[in-house]
Amino acid sequence: MTQGEFFGGLFDPASARGRSEPAPGAVLVPGWLDAETQLGLVAACREWSRPPAGLHSVRMPTGGMMSVRMVGLGLHWYPYGYSRTAEDGAPVKPFPSGLARLARRAVADAYGEAAADIPGAVGYEPDIAIVNHYPHGAKMGLHQDRDERTDAPVVSLSLGDTCVFRLGNTETRTRPWTDLELHGGDLLVFGGPARFAYHGVVRTLPGTADPELGLTGRLNITVRQSGL
């Protein structure tokens, strides 16, 4: 598939639902999370979201509030950095060892033998996560994940509603970009040349979540190695 087939339109992996590489260093594995694992992660997210150091809204330096609510594990993210205390002043919840194991397996499955060519993929040691909840109508503008002090890959796990995820280039928020549909259970790993690509969520598709999850909206768990 050529670059022109990706950029400028919607690439929907649901038509094939097979593994794809929408950009160098980015790997999408549809349906990577089985139903039992998804249920377990949703239950865990509910626990992580409880106060203290629970789910909260984020005010940007411009004064606007993000439509996505989030909770940090291991470290608390704020625009633009990390701290050991959360928005309410409480210590951040620890980063779960089970989530670390899942993320290491995700990187190994995504890259396989090519992991040797991706900085930080071999010996991947994640230590932080950000859980984002997208209620209906929420979105996230194009941004780079540059607050970590490492170029190790980012692991993104999707739960609940399908979203349109925009994977851009590393230079600007403008084109070229690739629009992907991320379904509940999908795995997206981006590292190497795509590690610092601009990316965001254009919209969610309400009512597309598996009803067995008992989840309204979309949950996204991004796991990272902080280097801090």
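The preceding data block contains the structure.
These remarks concern the structure in this document. (Residues numbered from 1 in each chain as written. Predicted model: local features only at pLDDT ≥ 70, side-chain atom pairs only at ≥ 80, totals over all residues. Heavy atoms only, no water.)

## With respect to empty space enclosed by the protein
Operational definition: The rule is simple: put a 1 Å grid over the protein atoms alone, call a set of points where a 1.4 Å probe fits but cannot get out a cavity, call an open set with protein on both sides within 12 Å along at least five of seven lines a pocket, and count a residue as lining if it has an atom within 4 Å of a point. Grid points are joined across faces, edges and corners, and a volume is the space filled by probe spheres set on the points. In this classification, Asp, Glu, Lys and Arg are treated as charged, Ala, Val, Leu, Ile, Met, Phe, Trp, Tyr, Cys and Pro as nonpolar, and every other residue, Gly included, as polar.
According to the stated counting rule, one finds one cavity of 30 Å³ or more in the structure shown. Computed from the structure, the largest cavity encloses a volume of approximately 30 Å³. Forming the boundary of the largest cavity are Ala53, Gly54, His56, Val71, Gly72, His76, Ala86, Val92 and Lys93. Each residue belonging to the lining of the largest cavity can be placed in one class, and the counts come to four nonpolar, four polar and one charged.

## A closer look at unusual backbone geometry
Just so we agree on the cut-off: Numbered from the N terminus, helices here are DSSP runs of H or I no shorter than four residues, and strands are runs of E no shorter than two.
Following Pro51, the chain continues into Pro52 via a peptide bond in cis, with omega recorded as 0°. For Pro52, the position within the fold is in the loop between helix H2 (35–49) and strand S4 (56–59). A cis amide bond, omega 10°, links Arg175 with the succeeding residue Pro176. Mapped onto the secondary structure, Pro176 falls in the loop between strand S11 (162–167) and strand S12 (178–182).

## Digging into the layout of surface pockets
If a probe as big as a water molecule is rolled over the atoms, it shows which places are left empty. In this structure, the largest pocket occupies an estimated 530 Å³ of space. Met66, Trp77, Met140, Gly141 and His143 are the residues nearest the centre of the largest pocket, which is lined by 31 residues in total. Counting only elements with at least two residues in the lining of the largest pocket, the list comes to strand S5 (65–73), strand S8 (128–134), strand S9 (140–143), strand S10 (154–160), strand S14 (199–205) and strand S15 (218–224). Residues that form the lining of the largest pocket fall into these classes: 14 nonpolar, ten polar and seven charged.

## Overview of the pairing of S12
Using the following cut-off: Summary of the burial criterion: residues with accessible area below 20% of their type's maximum are buried, those above 50% are exposed, and those between are partly exposed, where the area comes from a 1.4 Å probe applied to protein chains only. The pairing criterion for strands is at least two bridges between them, as found by DSSP.
The buried count for S12 comes to five of five residues, which makes it a mostly enclosed element. Here S12 shows a buried face lined by Thr178, Leu180 and Leu182 and a second buried face lined by Asp179 and Glu181. Across five bridges, the pairing between S11 and S12 is antiparallel. Residue Val164 lies in a different strand from S12, and its bridge partner there is Glu181.

## Focus: the pattern of salt bridges
Pairing is possible between side chains that carry opposite charge, provided their charged atoms lie close to one another. This is how it is decided: Each salt bridge in this description consists of a side-chain nitrogen of Lys or Arg and a carboxyl oxygen of Asp or Glu lying within 4 Å of one another.
Applying the stated criterion to the full structure yields eight salt bridges. The salt bridge partner of Asp109 is Arg105, with a shortest N-O separation of 3.9 Å. Note that Asp109 and Arg105 are positioned in helix H3 (residues 97–111) at a spacing of four residues, about one turn of the helix. Among the residues examined, Arg105 registers a relative accessible area of 43% and is labelled partly exposed. Notably, a salt bridge pairs Arg224 with Glu148, separated by 2.9 Å at the nearest N-O pair. Note that Arg224 is positioned in strand S15 and Glu148 in the loop between S9 and S10, a separation of 76 residues in sequence. Residue classification places Arg224 among the buried positions, given a relative accessible area of 7%. What you see here is one network of salt bridges that share partners, running through Asp145, Glu148, Arg195 and Arg224.

## Re the environment of Ala86
Relative to the assigned elements, Ala86 resides in the loop between strand S7 (81–83) and H3. Expressed as a C-alpha distance, the spacing of Ala86 and His56, which sit 30 residues apart in the sequence, is 9.3 Å.

## Description of the environment of Gly200
Structurally, Gly200 is set in strand S14. A C-alpha to C-alpha distance of 8.7 Å links Gly200 and Val164, two positions 36 residues apart in sequence.

## A closer look at the sheet that holds S4
The condition is simple: Every angle, taken between N-to-C directions, lies between 0 and 180 degrees, and every axis is a line fitted to C-alpha atoms, over only the stretch in contact when it is a helix.
Taken in spatial order, the eight strands of this open sheet run S2-S3-S13-S10-S15-S8-S5-S4, and their pairing is antiparallel. Strands with a single pairing partner mark the edges of an open sheet, and in this sheet they are strand S2 (20–23) and S4. Strand after strand, the sheet turns through a mean of 30° between neighbouring axes, direction not considered.

## Details of the pairing of S15
Taking burial as the measure, the seven residues of S15 include seven buried ones, the bulk of the element. Burial along S15 is two-sided: the residues Arg218, Asn220, Thr222 and Arg224 and Leu219, Ile221 and Val223 are all buried. Two elements, S8 and S15, share seven bridges in a ladder whose sense is antiparallel. The residue bridging Ile128 from the neighbouring strand is Arg224, located in S15. In this sheet, S15 lies alongside S10 in antiparallel orientation, the contact comprising six bridges.

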